[in-house]
Structure formats: C-alpha cells, structure tokens
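Residue-level structure breakdown
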Amino acid sequence: KDLGENTVFSKDVQMLDGFKVGFMEPTLFSRLAKKHGLDPKKSEAILMQTTENTDPHVHLKGNSTFLPLGKKHGYANSKGGTYLGNYSKTKRRFMLLFVPAKEGETFDVQAGKIHFFAPEKGATFSALAFVSPRIKQDDGSFDMRHFTKPVVSVTGSRATVCAA
C-alpha cells in the first residue's frame, strides 16, 4: 500500500529526512489516546515509508516505538532496519550500529539517538510509530536535529555519519 492511499494516516503526508510520513487522522487519534489515558496533545501516531536509506537525524525530546509492517498487514515486506548511535552536540562524527527490523516486532528509538532507516535493496520499509512527546510542533516544524549534507558511509552492520 502507498501511504497516500491510507485514509487513517492521510493527515499532513510529507517527505521528512528522506522518508514519507503521514499522521493519524486527529479525531481518531484523540479518541484512541484518551481511551488509553494519554494526552493526544503530547503524543502522535505516524505511518512512515521509505525505499532508500533516509537522512540521519535525532529526535531531541520524542521517544518512538516502531512496528514494522509487512505482508500480513497488507504492505510490501519491510526488510531492512535502522542504524542507531549515540549523539553529542560537541561531536561531528558518529558511529552507528544496524538493528534489523522484523515484521510485527516493535523496536524503540530513544530521544537523543542519531538514527536512519535502511531498507534492503528493492524493498519498501513501512512502519507504524507512536511518538511521545510529539516531534511535530503546532507551527509545523519538527523537534529534530537535521544535518546539513551529512556524509554517510555504510559497511555491513556499521555506519559512520560525518556532519558538517
């Protein structure tokens, strides 16, 4: 399925750091969040998709739990994973390790971790995510650290990111 065809996640579909992201329809998300005792203004649910390595980035405050989607969910097999590493404002070079994603098995990306998504060649990586606190701000900006023209080198299960 293409993200643009999913009516539940059709709110504000856009490209972000090399992947397509859509936000859950606000009325539905509000009802679900309140049902489970969550404040819908402090969290968000997204659907993301990519067919190539995304740009490295850091969520400054938002912690994320991802659920890779696959054939049993009606999506192409989400083969691939995420490169994750520690981030420091004082450094310009980061070492990341590959964490394989498995359909239907959640994984977390904590705030302050540099990361990027990496589907296998020819695959589309699709995942649901719950983010708290929200990374998308009311003004449309994102509480994320983006890197201007990063140099990314991938060798198997390791990646190096050099930021300008």
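Source: prediction; values computed, not measured.

1. What about the overall build of the chain?
- In terms of regular secondary structure, the chain is built from 1 helix and 13 strands.
- Starting at the N terminus, the α and β elements of the chain follow one another as β-β-α-β-β-β-β-β-β-β-β-β-β-β.
- On C-alpha atoms alone, the chain measures out to a radius of gyration of 15 Å, which is about the 15 Å that the 2.2 N^0.38 rule sets for 164 residues.
- Its C-alpha atoms put the chain at 40 × 35 × 25 Å along the principal axes.
- Looking at the chain as a whole, 41% of its 164 residues qualify as buried.

2. Observations concerning the environment of Phe130
- Its location among the elements puts Phe130 in strand β10 (residues 125–132).
- Here Phe130 falls in the partly exposed class, since its relative accessible area comes to 32%.
- Between the C-alpha atom of Phe130 and that of Ala164, which follows or precedes it by 34 residues, the distance is 30 Å.
- Ignoring anything within four residues of it in the chain, the contact list for Phe130 reads Phe29, Leu38, Ser43, Glu44, Asn63, Ser64 and Thr65.

3. Some points on the environment of Thr160
- Note that Thr160 resides in strand β13 (residues 158–162).
- For Thr160 and Arg93, which are 67 residues apart along the polypeptide, the C-alpha to C-alpha distance reads 7.0 Å.
- Sequence-distant contacts of Thr160, defined by excluding residues within four places in its chain, comprise Arg93, Phe94, Met95, Val151, Val152 and Ser153.

4. A look at a nonpolar patch on the surface
- Taken together, the side chains of Val8, Leu28 and Leu32 present a nonpolar region at the surface, about 190 Å² in accessible area.
- Mapped onto the secondary structure, Val8 falls in the segment before β1 (11–16).

5. Some remarks on the sheet that holds strand β4 (residues 57–59)
- Pairing within the open sheet is antiparallel, and its 7 strands lie in the order β11-β4-β9-β6-β7-β13-β12. A strand with exactly one partner marks an edge of an open sheet, and here the two such strands are β11 (144–146) and β12 (151–155). Averaged over all pairs of adjacent strands, the angle between strand axes in this sheet comes to 30 degrees, irrespective of strand direction.
- Two elements, strand β6 (residues 80–86) and strand β9 (residues 113–119), share 7 bridges in a ladder whose sense is antiparallel. Paired with Gly81 across the two strands is Ala118, which belongs to β9.

6. Considerations on the pattern of salt bridges
- Across all of its chains, the model carries 1 salt bridge by this definition.
- The salt bridge involving Arg134 is made with Asp138; its shortest N-O contact spans 2.9 Å.
- For Asp138, a relative accessible area of 77% gives the class exposed.

7. Some remarks on the nonpolar core
- By size, the foremost hydrophobic cluster in this structure holds 18 residues, and its most contacted members are Met48, Phe66, Phe107, Phe117 and Phe125.
- Ranked by residue count, the leading element in this core is β10, at 4 residues.
- Aside from chain neighbours lying at most four places away, what touches Met48 is Phe19, Lys20, Val21, Phe66, Phe117, Phe125, Ser126 and Ala127.
- If you look at the next biggest cluster of nonpolar residues, it comprises 12 residues, including Tyr87, Phe94, Phe116 and Ala118.

8. Considerations on unusual backbone geometry
- Here the bond from Ser132 into Pro133 is cis, since omega is -10 degrees, no more than 30 degrees from zero.
- Positioned with a positive phi, Asp17 is a non-glycine residue whose angle comes to about 55 degrees.
- Turning to its location among the elements, Asp17 is positioned in the loop between β1 and β2 (19–23).
- Positive phi values are uncommon outside glycine, yet Lys149 reaches one of about 50 degrees.
- Its location among the elements puts Lys149 in the loop between β11 and β12.
- Exposure remark for Lys149: the relative accessible area of 73% places this residue in the exposed category.

How each quantity is defined
- Residues numbered from 1 in each chain as written.
- Predicted model: local features only at pLDDT ≥ 70, side-chain atom pairs only at ≥ 80, totals over all residues.
- Heavy atoms only, no water.
- Helix = DSSP H or I, 4+ residues; strand = E, 2+ residues; numbered from the N terminus.
- Rg over C-alpha atoms; globule rule 2.2 N^0.38 Å.
- Buried < 20%, exposed > 50% of the residue type's maximum accessible area, 1.4 Å probe, protein only.
- Contact = heavy atoms within 4.5 Å.
- Patch = residues over 30% accessible without salt bridge, like charges linked within 9 Å, V, L, I, M, F, W, Y side chains within 5 Å.
- Areas by Shrake-Rupley, 256 points an atom, 1.4 Å probe, with all protein chains shown as cover.
- Salt bridge = Lys/Arg side-chain N within 4 Å of Asp/Glu carboxyl O.
- Pairing = 2+ DSSP bridges.
- Axes fitted to C-alpha atoms, helices over the stretch in contact; angles between N-to-C directions.
- Core = buried A, V, L, I, M, F, W, Y, C linked by side-chain atoms within 4.5 Å.

Coordinates in, geometry out; function isn't part of it.
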